[in-house]
Amino acid sequence: MSTNDPLSDLIARIKNANQRKRAKVLTPASTLRRRVLDVLQDEGYIRGYALIETPGEHPTFEIELKYFDGEPVIADIARVSRPGRRVYSSIKDLKPVKNGLGISILSTPKGVMSDSAARSEN
């Protein structure tokens, strides 16, 4: 199955798994998804992920979701910049997410990183 927007597909899979209180979710593997999952893991929003390679099939990531007191740690996840509507912003113009309790995941010339990591690099 091919998808035109792999990040939106990843977000939809995580949202759906959180609503159903699933412990794990599978998604096709790609470099961009790996980098986004690395940021989510470093920031503590997922327990981890593993690459599953089956001969003759496309590799997949098995994402282990994180819960606290039965509620998902990822309370809200959304995509701002979409293929039909790109959003470009300087680091000075970025506002804190949920008064500093949330994160923005950014694609920068230095790679995919959280907004706090991008601020510290500048």
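Please read all numbers here as calculations on a predicted model, not as lab measurements.

**Some remarks on the pattern of salt bridges**
Enumeration according to the criterion identifies 7 salt bridges in this entry. One salt bridge in this structure joins Arg79 and Asp5, with 2.4 Å as the shortest N-O distance. Pair noted here: Arg79 is in the loop between strand 5 (71-72) and strand 6 (105-108) and Asp5 is in the segment before helix 1 (6-19), with a separation of 74 residues, a long-range link. Here Arg79 falls in the buried class, since its relative accessible area comes to 17%. Glu71 is the salt-bridge partner of Lys21, the closest N and O atoms lying 3.9 Å from each other. One end of the pair, Lys21, is in the loop between helix 1 and strand 1 (24-28); the other, Glu71, is in strand 5, with 50 residues separating them in the sequence. The exposure class of Glu71 is partly exposed, given its relative accessible area of 47%. Via salt bridges that share partners, Asp9, Arg13 and Arg33 belong to a single interconnected network.

**So, the sheet that holds strand 3 (residues 60-65)**
Here 3 strands make up an open sheet; going across it, the order is 1-3-2 and the pairing antiparallel. Edge strands, defined here as strands with exactly one partner in the open sheet, are strand 1 and strand 2 (46-52). This sheet shows a mean twist of 25 degrees between the axes of neighbouring strands, independent of strand direction. Judged from the 6 bridges that link them, strand 2 and strand 3 form a sheet pairing that is antiparallel. Paired with Gly48 across the two strands is Glu64, which belongs to strand 3. Seen against the sheet, helix 1 touches strand 1 and strand 3 and runs at an angle of roughly 165 degrees to strand 1. In this fold helix 2 (residues 31-42) packs onto strand 1, strand 2 and strand 3, with an angle of close to 150 degrees to the strand it touches most, strand 2.

Quick notes on the rules
Residues numbered from 1 in each chain as written. Predicted model: local features only at pLDDT ≥ 70, side-chain atom pairs only at ≥ 80, totals over all residues. Heavy atoms only, no water. Salt bridge = Lys/Arg side-chain N within 4 Å of Asp/Glu carboxyl O. Helix = DSSP H or I, 4+ residues; strand = E, 2+ residues; numbered from the N terminus. Buried < 20%, exposed > 50% of the residue type's maximum accessible area, 1.4 Å probe, protein only. Pairing = 2+ DSSP bridges. Axes fitted to C-alpha atoms, helices over the stretch in contact; angles between N-to-C directions. Contact = heavy atoms within 4.5 Å.

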